[in-house]
Every structure is written in C-alpha cells, then in structure tokens.
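Analysis of the macromolecular model
The chain contents come next:
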Amino acid sequence: MMSSVNRIATTMARFSLVSMIAFSATFAYSGNVYASGVESGKERGLEIATERKARDIGWGDSVATMEMLLQNAQGESSARLMRLKSLEVAEDGDKGLTIFDEPRDVKGTAFLNHSHTVGADDQWLYLPALKRVKRISSRNKSGPFMGSEFAYEDLSSFELEKYKFRYLNDEEFEGQLTYLLEQIPTDKNSGYTKQLVWLDQVEYRPLKVEFYDRKGALLKTLTFTDYKQYLNQYWRAHTMAMQNHQTGKNTVLTTQELSFQTGLEESDFQKNTLKRVR
C-alpha cells in the first residue's frame, strides 16, 4: 500500500508535468498570436494605405500658387513665392514642376520631379545664376530642398510601392479618430528608417507624419491643416508645416490658389524645358 509520502510525491510530480505542458502550450499559443498579430497588422496597414491611394486617383493635373515660409531656431523668417504644377501619370508616379517667382535671389529657379512607383525618382534643379540643370543624385535625396525643412524625397508623390506598411492602432488626433500607420521606406537611400502617419478614418487624409532619421530618432513632424475639397472628391491641405526637432527650424507651405484639370500635358514636364519655364 502506497504511503502518504509517496502519494504526495506522485501527485506533485503529476501536477508539475501538467503545469509544464500547460505552460508550453500557452507560450506556443502566445507566440502564434503575436506572429499572427504582426502579419494582420501588415495586411491591415496595406489595406488602409491602398484605400488612401484609391481615393486620390483621377484628378488629372493641377496648378497651385504657394508661399514657402522659412523660420530658423531664433524665430527669424523669410518668405518665397512659387508655383507648383502637377500631372497625374497612369501606372507610375506623378510629375511635378516647381517654379520660384520671389524673392529676386531665387527667381527663375525650377525643380522638376518625376516620381516612380518602382526605382528611384528622377529629379532635376535648374539654377538660373549658373544657367545649368543639375540632376539630384538618388543618394542626395535626403538633403534639404532649397534650404527648407522638406527633403527632396518628401516631394515625391505617395506611391504604395515606396513603403512597407503596418497598422498600429486607432488613435484620436485633435478630435478626429485616426488610423496610425507605420511606413518603412523601401528605398535604401532614404533618409528615414520609418514614418508614422495619422490618417483620418472618414476621408483617409493625412493629418500628421513623424519622420525618424537613420539612427531611429525623431527628426521631423509634418502637420496638415485647412483641408479643402476639389471636384467633389479630392482633398488638399492648404497649410503644411514641417518642424525639425533636431535643429529647431521649421517650414510652412501655404496654398493661396489651386486649380485642377487645367490642360497640362507630358510635354510640360520635360527636362529640356526647365531653362525656358516662366
């Protein structure tokens, strides 16, 4: 007959074995849930980003008159006036032409951008003082555009292929319910390791973007305000403010006038026309 001591020992051994099996099963289950959560986050992120892109297809072309306000860490500021022409391109990224009109020291400077869904964008800068067109190297696209807090790569059109997406969570931002997405640039020459994007859940408009540098530190924050709707479908923020947290500088782009479907064509966005733009 089994002694009390033996019965207790046997019971404890069985309990320990059951506990170990349960712990192992729970750990394995948690691991599967975590992996599944990451995967579903990626799928949900791509789904949201795809909807954002789908809502901004079909606008054709546009012409905007804008002010660029530069402000340094001491609060000193200077303003520039420019025109931005844009052309929607089927099966590829959009094309953009920026022409500076004021002040005198930048008048006539023109920037041409051909965004691409796959591969590096093609970008050129015409400097009237030198009377030559300078190609922007793909390795230099993290550099500042015309002394502003916007980098050359920030001027590219939003294309799904440029990022890997992950949905993080729902979050309230300034009274609006938003989707918070993580965007990882696919371009190895990008100046950013990631971007965090807040999209409103009604119109899928970006309200805020945080940019993290190559060391993973917060570099800049871009906020979008004063949205207006065009052609009963397309939303455009008339104020975009880029704050550089590491230098204390900021740049504000304010749209003064904006028109769509003005009749622009591919020929208006050719490199050989940069010296003649007015």
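Residues numbered from 1 in each chain as written. Predicted model: local features only at pLDDT ≥ 70, side-chain atom pairs only at ≥ 80, totals over all residues. Heavy atoms only, no water.

Attention now moves to the overall build of the chain. Helix and strand counts for the chain come out as 1 helix and 13 strands. Ordered by position from N to C terminus, the α and β elements of the chain give α-β-β-β-β-β-β-β-β-β-β-β-β-β. Relative to its 278 residues, the chain shows a buried fraction of 41%. Partitioning the intrachain contacts of the chain with sequence separation of at least 6 by distance along the chain shows that 45% fall at a separation of at least 24. Accessible surface for the chain amounts to roughly 15,800 Å². Of this, 53% is attributable to carbon and sulfur atoms. (Helix = DSSP H or I, 4+ residues; strand = E, 2+ residues; numbered from the N terminus. Buried < 20%, exposed > 50% of the residue type's maximum accessible area, 1.4 Å probe, protein only. Contact = heavy atoms within 4.5 Å. Areas by Shrake-Rupley, 256 points an atom, 1.4 Å probe, with all protein chains shown as cover.)

For the chain, the mean per-residue pLDDT works out to 89, and 87% of the residues sit at or above 70. pLDDT under 50 marks residues 1–34. Its contacts with residues more than four places away, or in other chains, come to 2 contacts. (pLDDT = per-residue confidence, 0-100.)

On to the pairing of strand β13 (residues 250–260). Here 10 bridges tie strand β1 (residues 61–71) to β13, and the two strands are oriented antiparallel to one another. Across the sheet, residue Gln-71 finds its bridge partner in β13, namely Asn-250. As judged from the 5 bridges shared by strand β12 (residues 234–244) and β13, these two strands associate in the antiparallel manner. Paired with Ala-241 across the strands is Val-252, a residue of β13. (Pairing = 2+ DSSP bridges.)

With that out of the way, let us pick up the pattern of salt bridges. Counted by the stated rule, this structure contains 14 salt bridges. Between Arg-55 and Glu-51 there is a salt bridge, and its shortest N-O distance comes to 2.7 Å. We note a salt bridge from Arg-83 to Asp-101, for which the minimum N-O separation is 2.8 Å. Here Asp-101 lies in strand β3 (residues 95–102) and Arg-83 lies in strand β2 (residues 77–87), a separation of 18 residues in the sequence. Members of the salt-bridge network, linked through shared partners, are Glu-51, Arg-55 and Glu-203. (Salt bridge = Lys/Arg side-chain N within 4 Å of Asp/Glu carboxyl O.)

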